[in-house]
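An overview of the molecular structure
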Amino acid sequence: MNTKVVETKKSIVDDRAKQKFSDYMRNWAQGTKGKKEEGTSSTYITNVNGIIAPFFDDTDITLEDLQPLHLQDFYDYQYTRILTRGKNKGKPVSKNTVSHYHKAIHKGLADAVQLGIIPYNPDDRTNVEKHDPYIASYYNEDECVELLEKVKNTPLELIVNIATYYGLRRSEVIGLKWDAIDFTNNRITIKHKVTQATIDNKRVLVKKNKLKNKTSYRSLPLVDDVRDLLLAEKQKQIENKKLYGNTYKNKENYICVYDDGEIMKPDTITRKFPDFLADN
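Residues numbered from 1 in each chain as written. Predicted model: local features only at pLDDT ≥ 70, side-chain atom pairs only at ≥ 80, totals over all residues. Heavy atoms only, no water.

For the rest of this paragraph, the subject is the nonpolar core. Residues I162, I174, L176, I181, L222, L230 and I255 are the most contacted members of the largest nonpolar core, which totals 33 residues. Elements represented by at least two residues in this core include exactly α6 (141-150), α7 (157-166), α8 (170-174), β2 (187-190), α9 (224-244) and α10 (266-279). Ignoring sequence-local partners within four residues, the contact set of I255 consists of L158, L176, K177, W178, I181, L230, E233 and Q237. By size, the runner-up hydrophobic cluster in this structure holds 28 residues, among which are Y24, W28, A29 and F56. (Core = buried A, V, L, I, M, F, W, Y, C linked by side-chain atoms within 4.5 Å. Buried < 20%, exposed > 50% of the residue type's maximum accessible area, 1.4 Å probe, protein only. Helix = DSSP H or I, 4+ residues; strand = E, 2+ residues; numbered from the N terminus. Contact = heavy atoms within 4.5 Å.)

Below you can see the structure in the form of structure tokens.
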């Protein structure tokens, strides 16, 4: 290889190694846009810009000088930090949240190693507590019967019935479109999802045909109760489309929408369901 080219590349590597760790992480997180899933990228950017980089901004620690102890100090501080806003205000930062910070830092540094900017990943030598495992609780048959009875004639009726009968994820229920329903052969096909992510400080919808894994794509029998609800919803949407005319919003033919055709947001469902449970 040309000597000048080699020297130029070495100079670029040296310059990157001498930049502040906080600056490197900001640039790295921003660079994940378009390379990672939007939700993953937005989580990296939010955690780096909001928590990780500001912690290291007041230091002169460069990427090449970063040591495991610097990172361990950050993690240890996070375990003692009390939240000052949001729904968990007054509570300590959770192990799961610190685990997300660790994931961003470790990935960012691993990429720096891969590019030859630093010789090893200092985050390999830190101790981060494992987050508490999620333990789900399940409704028994009687509870399901009561749930479906209580949810009748509420805005959540169709969503709760689909989730109960099929065990779909929230994103899969909201992501159902009419082309996923085969009324002739009585089948429902799961092939699309709708999630929400914070991108550029705004909460936006992310619509994807890519599901969590291969087994997430599935075709299931259309049970009678859900079929009846879907037929009623389809007729309701036909009437609403006439009523709202050109202002009707459901151009993509989603099933779970409001009267004006606006798609129901996953975050909204997450807020409304606990309220429904509390009322009943």
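There's plenty left to go through after this.
On to the packing of helix α2 (residues 21-31) against helix α5 (residues 95-114), then. In contact at an axis separation of 10 Å, α2 and α5 are set at 90° when each is read in the N-to-C sense. In this view, α2 runs roughly perpendicular relative to α5, as classed from their interaxial angle. Across the interface between the two elements, F21, Y24, M25 and W28 from α2 touch A104, I105, K107, G108, L109, D111 and A112 from α5. The residue makeup of the contact of α2 with α5, split by class, is 8 nonpolar, 1 polar and 2 charged. (Axes fitted to C-alpha atoms, helices over the stretch in contact; angles between N-to-C directions. Parallel < 35°, antiparallel > 145°, perpendicular 65-115°, else oblique. Nonpolar A, V, L, I, M, F, W, Y, C, P; charged D, E, K, R; others polar.)

Of note in this structure, N186 is not a glycine but carries a positive phi near 55°. Structurally, N186 can be placed in the loop between β1 (181-182) and β2. Positive phi, normally seen in glycine, also occurs at N253, with a value near 60°. The residue N253 is located in the loop between α9 and α10 in this model. Residue class for N253 comes out partly exposed when judged on its relative accessible area of 42%.

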